[in-house]
Amino acid sequence: MKKKLPVLSKPTPAASQRELAVKPVTAGGKPEFPTRKAMYTKAGLIGGATMLAGGVASAGDAKAPPPPPPQQQQAAKPAPNDKAVMPSPETTAGTVDGQALAKTAPKFKVYRDGGGIGPAEDMWDVAEVEAFINWTMAKEGKLNIKTNYKFEYEGVSFDIDGFDPEKNVGYEYVDKLDYDKDYFTKEVKAKFDKWMKEKKAAILYLEIKKNPDTATIKGKVLKFLAAVKKKTPAAGKLAAK
Amino acid sequence: MNALLHLTHDCNLRCPYCFTGKKFDREMTIETAKKTADFIIEYAKEHGQRAVFSFFGGEPMMAWPVMKELVLYAEQAAKAAGVVALFRMNTNGMLIKEDHLAFFEEHDLIFILSIDGHEEMHDSERVTEGGVGSHAVLAKKLPMFLEHNPGLMASVVITPHNVRHTAKGIAYLWDQGFRFQIIKPDVTQAWTREAIAELDRQYTAVAEDYLTRTRAGHELYLNLLDDKWINHAKGAEGLSIRCDVGSSQISISPAGNLYPCVRWVKEDEEGVPNLGNVFTGFNPERLAEIRAASGAPKQPCGDCSYNDGTCANECACEHYSATGRIDTPAPALCEHEQVIVPIATRVGNTLWRERNPVFMQKLYPTLPKLIQIRTDRNDHADDGANP
């Protein structure tokens, strides 16, 4: 049986709007500016391509030539730091919790929700963001990431979001929704830097202050891994102090 | 879950357009408040959501002791449950003092301020029980509020009575330092053809002013324009910026009863069905019914070319208040949208043609970030471990 919609049985305020009427618009104008999907596709940002300097300016121009395929772009203009950390096709990429990596990075979605009073807010699932970081760290750094690893060294003890205990490389992700943030005081972060300099351990403290997005996160991970390449921590389990 | 909590039915103002019913002294008890917190956190945990506590009213600051205790309790309970709790409030600001702001700061409670523009506009609707305008008291507090939160959002209601002040009122708020404004027309009032024509003149002036300020580099948010653009830019995903009664949001009365929307919380009067209460949980049959009805197509809108997420016709409860049916928008809403949509499109097109950096950043935020990454990679400026 079809559900009945709630109907109020007394006179309604709309009855006072006698001069007005609900009239569907038959030919309303549409915006000239593109959707994000169209914009990013034209700018060459969807499909793993690298941003081109002229991308923004040409994105709305129908006559602009399409960007070259992603592989072609990377071959034409390799980013210097990438070369150090990108695995070659022959080598095996890393793992996450002992599992081989999926071919493509896990996705996370920033969506709008709530907004009953006031505008909707951006929301996301932190676990999905961390899954993306795990994959990126493992893939780009050829690491065997263990998630929520019990890290303990020089008086710092916490469950680190992702860590390779053989290579002593890992990360801790925090954003505005994360309670863990309070734990990472200046002193703790100073220790991360110290360990990095001393080639004991390399921990990326990855803080996203606004909404997480794959481009920003990947950029930070690549930058970090490039630095790790120059100051690679000694392999083997950290001696507890 | 976004839970809108009515901590009290009382208010220190008597705005004629208020849709939350009679004002009388009835507060949520501490016991109910704690039970409410547990209910929201449990639901959020079960559904993998954040627990958003939005205090509403009446004026929630009139129930300050309850609010304070609820925040402290919910914060701990959420932490124990591994759920993120966020606190929000809609307030007229009249009772907020520095001590309160310190508490808000400490507990990350963000409030939206109800203020209808400059004095003439504000005082034409927002008055005390004795009919005295409330702007003078509020105006003195604005610098303190904006220092506390530079991102403070203003909530403005437009009625046939105050519409003629709209452009000046909104400009006043920009000038005071507000960068975020939500404009909401009250479509349950007796709008006339002349009032709609005035609305058109005022919105045109608002849009010109917005354009000028944006060109000068000010990053502003005005829901009337920005939401239309973002909905378009996000395509089908943009439709998620819409009302979602009974699913991701719920309203809770001082007695702990659950309603689909703030507009329906009238302490169980007029036979408005509730969806259960925090002590016994949701009534599944009623919940399913309201969800289905909320998602049903709007009766007269089928072939309208704005019925693609452009029109703000999604608020089922607003329709119910205005027309008595949750699937039928008010004529005033339709006319309002026919005024604002072409204006929003025109301004958006202008900023797009100019490739205005503020506009581009708002609509296509990923672009500059990727440019930045490329720059970082190429110039080796910083090899630090923790960017």
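Residues numbered from 1 in each chain as written. Chains lettered and ligands numbered in written order. Predicted model: local features only at pLDDT ≥ 70, side-chain atom pairs only at ≥ 80, totals over all residues. Heavy atoms only, no water.

### Topic: the sheet that holds strand 2 (residues 99–100) of chain A
Adjacent strands of a sheet form backbone hydrogen bonds with each other and so pair up, either parallel or antiparallel. Residues and elements named next belong to chain A. Put simply, the test is: Between any two strands, at least two bridges found by DSSP are needed for them to pair. Here a strand is any run of E in DSSP of at least two residues, a helix any run of H or I of at least four, and the numbering for each starts at the N terminus. By definition, residues are in contact when any of their heavy atoms lie within 4.5 Å. Orientation is described by lines fitted to C-alpha atoms, with helices fitted over the stretch in contact, and by angles between N-to-C directions that extend from 0 to 180 degrees.
Strand order in the open sheet made by the six strands is 2-1-5-6-7-8, with mixed pairing throughout. The sheet terminates laterally at strand 2 and strand 8 (202–208), the two strands that pair on one side only. The pairing of strand 1 (residues 95–96) with strand 2 spans two bridges and is classified as antiparallel. Of the residues in strand 2, the one forming a bridge with Thr-95 is Ala-100. Of the strands in this sheet, strand 1, strand 5 (144–153), strand 6 (156–164), strand 7 (169–175) and strand 8 are in contact with helix 5 (residues 126–141), which crosses strand 7 at around 155 degrees.

### Let's talk about the pairing of strand 8 of chain A
Residue and element names in this part refer to chain A. To keep things clear, this is the line we draw: Buried, partly exposed and exposed residues are distinguished by accessible area as a fraction of the type maximum, computed with a 1.4 Å probe on protein chains only: under 20%, between the cut-offs, and over 50%, respectively.
For strand 8, the buried fraction is high: six of the seven residues fall into the buried class. Pairing of strand 7 with strand 8 involves seven bridges; the strand directions are parallel. When the bridges of strand 8 are listed, Val-169 appears paired with Ala-202.

### Examining the packing of aromatic side chains
Counted only if it meets this: Put simply, two rings from Phe, Tyr or Trp (the six-membered ring, in Trp's case) pair if the centres are within 6.5 Å, and we call them stacked under 30 degrees between planes, edge-to-face over 60, tilted for the rest.
A full pass over the atoms with the stated rule returns 25 aromatic pairs over all chains. Judged by centre distance (5.5 Å) and plane angle (25 degrees), the rings of A:Tyr149 and A:Phe163 are stacked. Of this pair, A:Tyr149 sits in strand 5 while A:Phe163 sits in strand 6, placing them 14 residues apart in sequence. Its relative accessible area of 2% is what places A:Phe163 among the buried residues. Between B:Trp174 and B:Tyr210, the ring centres sit 6.4 Å apart and the planes meet at 55 degrees, which makes this aromatic pair tilted. Here the residue B:Trp174 occupies a position in helix 6 (residues 166–176), and B:Tyr210 occupies one in helix 7 (residues 193–215), the gap between them amounting to 36 residues. An identical accessibility class is assigned to B:Trp174 and B:Tyr210; each is buried. Taken together through their ring pairs, the aromatic side chains of A:Tyr149, A:Phe151, A:Tyr153, A:Phe158, A:Phe163, A:Phe184, A:Phe192, A:Trp195 and A:Tyr205 make up a single cluster.

### Digging into empty space enclosed by the protein
Counted only if it meets this: Buriedness for pockets is judged along seven lines, at least five of which must meet protein on both sides within 12 Å for an open set on the 1 Å grid over protein atoms alone, while cavities are sets there where a 1.4 Å probe fits but cannot get out, and lining residues have an atom within 4 Å of a point. Grid points are joined across faces, edges and corners, and a volume is the space filled by probe spheres set on the points.
All chains considered together, the criterion is met by four cavities of 30 Å³ or more. Taken as a whole, the second largest cavity spans an internal volume of roughly 120 Å³.

### Section: the confidence of the model for chain B
Residue and element names in this part refer to chain B. Applicable threshold: On a scale of 0 to 100, pLDDT captures the predictor's confidence in every residue.
Taken as a whole, chain B shows an average pLDDT of 86; of its residues, 88% reach a score of 70 or greater. Ranking the helices and strands of chain B by mean pLDDT puts helix 6 first, with 98, and helix 13 (residues 366–379) last, with 39. In this model, residues 368–387 is a region of pLDDT below 50 whose contacts with residues beyond four sequence positions or in other chains number 42 contacts. Here the predicted complex carries an ipTM of 0.81, next to a pTM of 0.71.

### Quick look at the pairing of strand 6 of chain A
Residues and elements named next belong to chain A. The buried fraction of strand 6 amounts to seven of the nine residues, a majority that puts the element mostly inside the structure. Pairing analysis gives seven bridges linking strand 5 to strand 6, with the strands arranged antiparallel. Looking at strand 6, one finds that Lys-150 is bridged to Asp-159. Here strand 5 folds back onto strand 6, and the loop between the two strands holds two residues, one of which, Glu-154, carries a positive phi near 45 degrees. As judged from the three bridges shared by strand 6 and strand 7, these two strands associate in the antiparallel manner. Across the sheet, residue Asp-164 finds its bridge partner in strand 7, namely Val-169. What sits between the antiparallel neighbours strand 6 and strand 7 is a turn of four residues, in which Asn-168 has the positive phi angle 60 degrees.

### Describing the packing of helix 3 (residues 98–107) of chain B against helix 5 (residues 135–148) of chain B
Residues and elements named next belong to chain B. As a reminder, the rule being used: Throughout, the term roughly parallel applies to angles under 35 degrees, roughly antiparallel to angles over 145, roughly perpendicular to angles from 65 to 115, and oblique to all others. Crossings are classed by handedness, with left-handed meaning an anticlockwise turn of the near helix from the far one by less than a right angle and right-handed meaning a clockwise turn. Asp, Glu, Lys and Arg are counted as charged, while Ala, Val, Leu, Ile, Met, Phe, Trp, Tyr, Cys and Pro are counted as nonpolar; the rest, among them Gly, fall into the polar class.
Direction vectors running N to C along helix 3 and helix 5 enclose 15 degrees, while the axes themselves pass 11 Å from each other. Classified by the angle between their axes, helix 3 and helix 5 sit roughly parallel to one another. Like other packed secondary-structure pairs, helix 3 and helix 5 cross with a definite hand, here right-handed. From helix 3, Glu-98, Leu-101, Phe-104 and Glu-105 reach across to helix 5, where they touch Met-144, Phe-145 and His-148. Considered class by class, the residues forming the contact of helix 3 with helix 5 number four nonpolar, one polar and two charged.

### Some points on the sheet that holds strand 3 (residues 85–91) of chain B
Residue and element names in this part refer to chain B. Taken together, the nine strands give an open sheet; going across it, the order is 7-6-5-4-3-2-1-8-9, and neighbouring strands pair in mixed fashion. With partners counted over all chains shown, the strands left at the sheet margins are strand 7 (221–222) and strand 9 (258–259), one partner each. Pairing analysis gives five bridges linking strand 1 (residues 2–6) to strand 2 (residues 51–56), with the strands arranged parallel. Counterpart to Asn-2 in the pairing with strand 2 is Val-52. Sitting on the sheet, helix 3 is in contact with strand 3 and strand 4 (109–114), with an inclination near 130 degrees to strand 4.

### So, helix 3 of chain B
All names here are of chain B. For clarity, the cut-off: Taking the helix axis as origin, the arc is that swept by the directions to the C-beta atoms.
Residues of helix 3 that are buried: His-100, Leu-101, Phe-103, Phe-104 and His-107. An end-on view of helix 3 places all buried positions within 160 degrees of arc, on one side of the element. Residues of helix 3 that are exposed and point over 90 degrees away from its buried face: Glu-98, Asp-99, Glu-105 and Glu-106. The inward-facing, buried residues of helix 3 contact helix 2 (64–81), strand 3, strand 4 and helix 5.

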